[in-house]
Amino acid sequence: MNYKFGYPDMGIEVPPGTNLMLLGDLFSGKDILSKEFIREGLKNGEACIFVSTSDPIQETVEEFSDNDLEYLGMVNCISSRTDLAPDFAYINQVRFVSSPTELATIMAFINEFLDIFRDKDVKKIRIVFDSVSTLLMYSNLKTLYKFLHVLTNTVKSRNAVLLLTMEEGVHDKIEISSLQRLSQGLITMAEGEIQFNGFSRKKFQYETQDNRIILNGD
């Protein structure tokens, strides 16, 4: 079964095993779209893994607090266990990475969550990696490409779906085109337009309002 994107008016569904790249600038609303992708999975009883290289873990939990978080795994690269209260409710669902340079550790934690969800017999798993741009600040393109090559192949083998976010305007064309080759779909958000390429060819006009993506006509 395909993965629904979370906006019924788009009519977008993503086939299992698909790797997506989401490209947009800081003010495009790509963070809203990527987190809504996780919420849609949680709402549908799917397992989700959210990898954050920029948000403190408390903010991540707050983002998804309106959902049942039983099947949410979180990998956080900027917080530590000491940042949390001893009785933090979701401590068993968080894995802490000391730095975005620890790519092997990030991959190990993703695999750990994939195994946990497989043992729970959850059929569908979606992963959001927010963001690739942060990793490029700490690693070179060759090293990052190898890491993402392993990750995207893992997604394919598990029939999961992966959404990688990337910052527009801070990378050269070689970096973007090299990493884009690992995906089966590209989503761009710029100047009030969302455009899908690869698994879909649709485009929509939109605006951001109250931390939501509003499509034209909504």
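For clarity, every value in this text was computed on a predicted model and none was experimentally measured.

A short note on the pairing of strand S7 (residues 125-130)
Okay, step 1: Burial analysis of S7 places six of its six residues in the buried class, which makes it a mostly covered element.
Okay, step 2: Because side chains alternate across S7, one face comprises the buried residues Ile125, Ile127 and Phe129, and the other comprises Arg126, Val128 and Asp130, equally buried.
Okay, step 3: Pairing of strand S4 (residues 47-52) with S7 involves six bridges; the strand directions are parallel. Looking at S7, one finds that Val51 is bridged to Phe129.
Okay, step 4: Bridging between S7 and strand S8 (residues 161-167) involves four bridges; their strand directions are parallel. Counted as the bridge partner of Phe129 is Leu164 from S8.

Structural notes on helix H6 (residues 173-180)
Okay, step 1: Of all the positions in H6, only Glu175, Ile176, Ser178 and Leu179 are classed as buried. Looking straight down H6, one finds that the buried residues subtend no more than 165° of arc, so they occupy a single side. Seen from the buried face of H6, the exposed residues on the opposite side, beyond 90 degrees, are Lys173 and Ile174.
Okay, step 2: Contacts made by the buried residues of H6 are with strand S3 (18-24), helix H4 (132-138), helix H5 (141-158) and S8.

Examining the packing of aromatic side chains
Okay, step 1: Taken as a whole, this structure holds nine aromatic pairs when the rule is applied.
Okay, step 2: For the pair Tyr71 and Phe117, a centre-to-centre distance of 6.5 Å together with 75° between the ring planes defines the contact as edge-to-face. Note that Tyr71 is positioned in the loop between helix H2 (57-63) and strand S5 (72-76) and Phe117 in helix H3 (residues 103-119), a separation of 46 residues in sequence.
Okay, step 3: A relative accessible area of 3% places Phe117 in the buried class.
Okay, step 4: Each residue in the set Phe5, Phe37, Phe196, Phe199 and Phe204 is aromatic and connected to the rest through ring pairs, giving one cluster.
Okay, step 5: Seen from the ring of Phe37, Arg126 lies directly overhead, with NZ or CZ sitting 4.4 Å from the centre.

As for the sheet that holds strand S12 (residues 212-215)
Okay, step 1: Across the sheet, ten strands lie side by side as S6-S5-S4-S7-S8-S3-S9-S10-S11-S12; this open sheet has mixed pairing. Taken across any chain shown, the strands that pair with only one partner, and hence form the sheet edges, are strand S6 (94-96) and S12. Neighbour to neighbour, the strand axes of the sheet diverge by 20° on average, direction disregarded.
Okay, step 2: Where strand S10 (residues 193-197) and strand S11 (residues 203-209) come together, three bridges link them in antiparallel fashion. Directly across from Ile194, in S11, lies its bridge partner Phe204.
Okay, step 3: Where H3 meets the sheet, its contacts fall on S4, S5, S6 and S7, and the angle it forms with S4 comes to roughly 165°.

Rules and cut-offs
Throughout this document, residue positions are counted from 1 along each chain, in the order its sequence is written. Residues qualify for local features only when their pLDDT is at least 70, as the model is predicted, and side-chain atom pairs are given and counted only at 80 or more; totals for whole chains, interfaces and linings, by contrast, use all residues. No hydrogens and no water enter the side-chain calculation; it runs on all heavy atoms of the structure. Buried means the residue's accessible area, taken with a 1.4 Å probe over protein chains only, is under 20% of the maximum for its type, while exposed means over 50%, and partly exposed covers the values in between. We count a stretch as a helix when DSSP gives it H or I for four or more residues in a row; a strand needs E for two or more, and each element gets its number in order from the N terminus. A pair of strands is labelled paired if DSSP reports no fewer than 2 bridges between them. In this description, one arc is meant: the one made by directions from the helix axis to the C-beta atoms. Should any heavy atoms of two residues lie within 4.5 Å, those residues are counted as being in contact. Aromatic contacts are taken between Phe, Tyr and Trp rings whose centres are within 6.5 Å, Trp giving its six-membered ring; a plane angle under 30 degrees counts as stacked, one over 60 as edge-to-face, and the others as tilted. To sit over a ring, a charge needs its Lys NZ or Arg CZ within 6 Å of the ring centre and within 35 degrees of the ring normal. Every axis in this analysis is a line fitted to C-alpha atoms, fitted for helices over the stretch in contact. Angles between the N-to-C directions lie between 0 and 180 degrees.

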